[in-house]
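Here is what each chain is made of, one letter per residue.
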Amino acid sequence: MAEVLVLVDHVDGEIKKTTYELLTAAKALGSPSAVVVGGAGAADKLADGLTEHGADKIYAAETDSTDFLAPEVAVLESLIGSAAGVLISASANGKEVAGRLAVRTGSGLLSDVVGVTGDGVQHSIFGGAYTAEAKANTEHPVITVRPGAIDIEASAGAGARESVEVPAASGRQATVTGREPIQGGSRPELTEATVIVSGGRGVGSAEDFTVVEGLADSLGAAVGASRAAVDSGYYPPQFQVGQTGKSVSPQLYIALGISGAIQHRAGMQTSKTIVAVNKDEEAPIFEVADFGIVGDLFKVAPQLQDEVTKRKG
Amino acid sequence: MKIVTLVKQVADTYSERKLSDSDHTLDREGTEAVIDEINERAVEQALLLKEAAGDGEVVVVCMGPDRASDAIRKALSMGADSAVHLSDEAIHGSCAVQTARALTKLIGTVEGWDLVIAGNSASDGQVAAVPAMVADLLGVPALTWANELSVSGSTVTVKRETDDGVTHLSAELPAVVSVGEKSNEPRYPSFKGIMAAKKKPVNNLDLAGAGIDGSEVGLANALVSVTSSAPKPPKQAGEKVTDEGDGGAKIAEYLVGQKLI
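What you see is a predicted model; the values in this text were computed from it and never measured. (Residues numbered from 1 in each chain as written. Chains lettered and ligands numbered in written order. Predicted model: local features only at pLDDT ≥ 70, side-chain atom pairs only at ≥ 80, totals over all residues. Heavy atoms only, no water.)

(A) Broad picture of the sheet that holds strand E11 (residues 160-163) of chain A. The ten strands lie next to each other as E11(A)-E5(A)-E4(A)-E1(A)-E6(A)-E10(A)-E7(A)-E8(A)-E9(A)-E12(B), forming an open sheet whose pairing is mixed. Of all the strands in the sheet, just E11 of chain A together with strand E12 (224-231) of chain B have a single pairing partner and so form its edges. For this sheet, the mean angle separating the axes of adjacent strands, direction not counted, is 35°. Pairing of strand E4 (residues 31-38) of chain A with strand E5 (residues 57-62) of chain A involves six bridges; the strand directions are parallel. If you follow Gly38 of chain A over to E5 of chain A, its bridge partner there is Glu62 of chain A. Contacts from helix H2 (residues 42-52) of chain A reach E4, E5 and E11 of chain A, with the element oriented near 155° to E4 of chain A. (Pairing = 2+ DSSP bridges. Helix = DSSP H or I, 4+ residues; strand = E, 2+ residues; numbered from the N terminus. Axes fitted to C-alpha atoms, helices over the stretch in contact; angles between N-to-C directions. Contact = heavy atoms within 4.5 Å.)

(B) Quick peek at the environment of Asp88 of chain B. All names here are of chain B. Considering the arrangement of structural elements, one finds Asp88 in the loop between strand E5 (82-86) and helix H3 (96-108). Among residues more than four places away in sequence, those in contact with Asp88 are Asp206 and Leu207. Within the structure, Asp88 has its side chain in polar contact with the backbone nitrogen of Leu207 (distance 2.9 Å). (Polar contact = N/O pair within 3.5 Å; in protein donor to acceptor, adjacent residues only side chain to side chain.)

(C) Structural context of H3 of chain B. Residues and elements named next belong to chain B. With 13 residues, H3 extends 18 Å from end C-alpha to end C-alpha; this agrees with the ideal 18 Å at 1.5 Å per step. The buried fraction of H3 amounts to ten of the 13 residues, a majority that puts the element mostly inside the structure. Residues of H3 that are buried: Ala96, Val97, Gln98, Thr99, Ala100, Ala102, Leu103, Thr104, Leu106 and Ile107. (Expected span 1.5 Å × (residues − 1). Buried < 20%, exposed > 50% of the residue type's maximum accessible area, 1.4 Å probe, protein only.)

(D) Representation of the packing of aromatic side chains. Under the counting rule described, the total for this entry stands at three aromatic pairs over all chains. Where Phe209 of chain A meets Tyr235 of chain A, the ring centres are 4.4 Å apart and the plane angle is 20°; that geometry is what we call stacked. With Phe209 of chain A in helix H5 (residues 209-219) and Tyr235 of chain A in the loop between helix H6 (227-231) and strand E15 (252-256), the pair connects residues that are 26 residues apart, well separated along the chain. An identical accessibility class is assigned to Phe209 of chain A and Tyr235 of chain A; each is buried. Pairing Phe291 of chain A with Tyr254 of chain B gives two aromatic rings, centres 4.6 Å apart and planes at 15°, and the pair type is stacked. Taken together, the residues Phe291 of chain A in strand E17 (residues 291-294) and Tyr254 of chain B in helix H7 (residues 247-257) connect one chain to another. Residue Phe291 of chain A is classed as buried on the basis of its relative accessible area, which comes to 3%. Put simply, the rings of Phe209, Tyr235 and Phe239 of chain A touch in pairs and so form one group of aromatic residues. (Phe/Tyr/Trp six-rings, centres within 6.5 Å; stacked < 30°, edge-to-face > 60°.)

(E) Geometry of the packing of helix H9 (residues 297-312) of chain A against H7 of chain B. In contact at an axis separation of 7 Å, H9 of chain A and H7 of chain B are set at 45° when each is read in the N-to-C sense. By the angle between their directions, the pair H9 of chain A and H7 of chain B is classed as oblique. The crossing of H9 of chain A and H7 of chain B is right-handed. Listed contacts from H7 of chain B to Val300, Gln303, Leu304, Glu307 and Arg311 of chain A of H9 of chain A are Gly247, Gly248, Ala249, Ile251, Ala252, Leu255 and Val256 of chain B. Counted by class, the contact of H9 of chain A with H7 of chain B contains seven nonpolar, three polar and two charged residues. (Parallel < 35°, antiparallel > 145°, perpendicular 65-115°, else oblique. Left-handed = near helix turned anticlockwise from the far one by under 90°. Nonpolar A, V, L, I, M, F, W, Y, C, P; charged D, E, K, R; others polar.)

(F) Focus on unusual backbone geometry. Of note, the bond from Leu173 of chain B into Pro174 of chain B is cis; its omega dihedral lies within 30 degrees of zero at -5°. Despite not being glycine, Asp112 of chain A shows a phi value in the positive range, around 60°. By secondary structure assignment, the location of Asp112 of chain A is in strand E7 (residues 109-117). Accessibility expressed as a relative area gives 14% for Asp112 of chain A, which makes it buried. Look at Trp145 of chain B: it is not a glycine, yet its phi comes out positive at around 55°. Within the element layout of this structure, Trp145 of chain B appears in strand E7 (residues 142-152). Overall, the relative accessible area of 19% leaves Trp145 of chain B in the buried class.

(G) Just the UniProt feature "domain: Electron transfer flavoprotein alpha/beta-subunit N-terminal" (unreviewed entry) in chain A, in detail. Feature annotation in UniProt places "domain: Electron transfer flavoprotein alpha/beta-subunit N-terminal" (unreviewed entry) on residues 4-180 of chain A, given in this structure's numbering. Across residues 4-180 of chain A one finds 25% helix and 37% strand; the C-alpha atoms that close the span lie 32 Å apart. (UniProt positions renumbered as here; feature names shortened; annotations may be inferred.)

Structure below.
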């Protein structure tokens, strides 16, 4: 069975959950080979988890290069010849590695897919308003997979280790001169969260976003905001959900005081369950909500928070 | 300093976007066409650099149908100096790799550029890789998702901000940069700018003019194909109840029923 390369997504030796999603998806195409590009010993720390989630092979490419993303591209380029395809997380970095790899190797680029089968891939586009099936017309397509789209199935692979060289970068590269970790605080990341509580214009002020945060914390949820709330300065832009912010697909999405402009719905309508609270019973958010309360979020949200806390206690 | 900015016309994200039934490409007839918002930030960034340097030139590069000239005019009315527009029936349906190759050829028609500035991710395809692909093809560094950018001498530095945190990047010119949502606030074209834009030179090219062979672009030669597409059945609106003082409790009840809490 042909091998399928999976670029391991990790930060400072900590695996990102999306890697296991990629390994699960890779099994539909062939035998998963995890490719770890990182500092000395990076693969050692990740090997057990990768094997448990289906990696038949683990390529360890150790490098201390400060070239930005060039080692990842070069390693995948050196391995792609015998592969049935390459799977990469559809993160900002992942998309870029995938694009550069595709132009170098003349491979079809299938971007931000939500499903992978032997016949092709599935896309969910325009914020979930359309589904599309696509396929590559080349050898070894390069596929980026949307985080959260694949349900992880743990089934152990052979986990055979192999060290590979990191080829020298071709062409001039950007140099990394510093990194700062994400300052997300103690709440989960928006794109990885299983529950998200978002606030919109109806929250009314930056101070009152504590109502959104309070409910979120009771549920162990991430906090999001609509564009209207961000543009009004109620909440920082990195938490914006929607077409120009983040696209999210959690198990549960609770929209507080969000009218549901098409821009916003495009970023959240693929959530499994949607609950909306809005004063305006005509608000379009109710068209996509599984459960809606027409009412004042400042009364409803704290009551819900109490109920959640009670049940936990 | 000579700066190329990549501009794309897209369907307005505030309108309902559709795919055509026949070939699964964007149904341009059915949607409002606008310059992609992020490209206004790319143009703004180029203008800021030009103004800071005291002299220079900003050249808009665009591929797309004839009506994309509206997007180009918007960029020119903001203050860009000239434009190159590839419009040819044959580019319809090109995939990301083909698009990157064609843009690289178009950039090649601009002599002596120092910097290419693009948006980080188009609002329609969201491939979010074309700037880096173009950089790879040009053999120059890619500094992408920049929310801060500065040029000092022949060195460009950016603050890259993504979900993975902040990365500081630096490279020698020439280079490709893509800008993010927080990079700047684009200016509104002034009346004077709008009038001046009408007289600014636009180099309208077809494939032959851009030195691109027909086999390198287009739906039939694409490296990937969409085999089917369908609008998702609209989500059925669920239960909607008016709060009578027990709204929060009712949500809790619903969530318990769905095994969500």
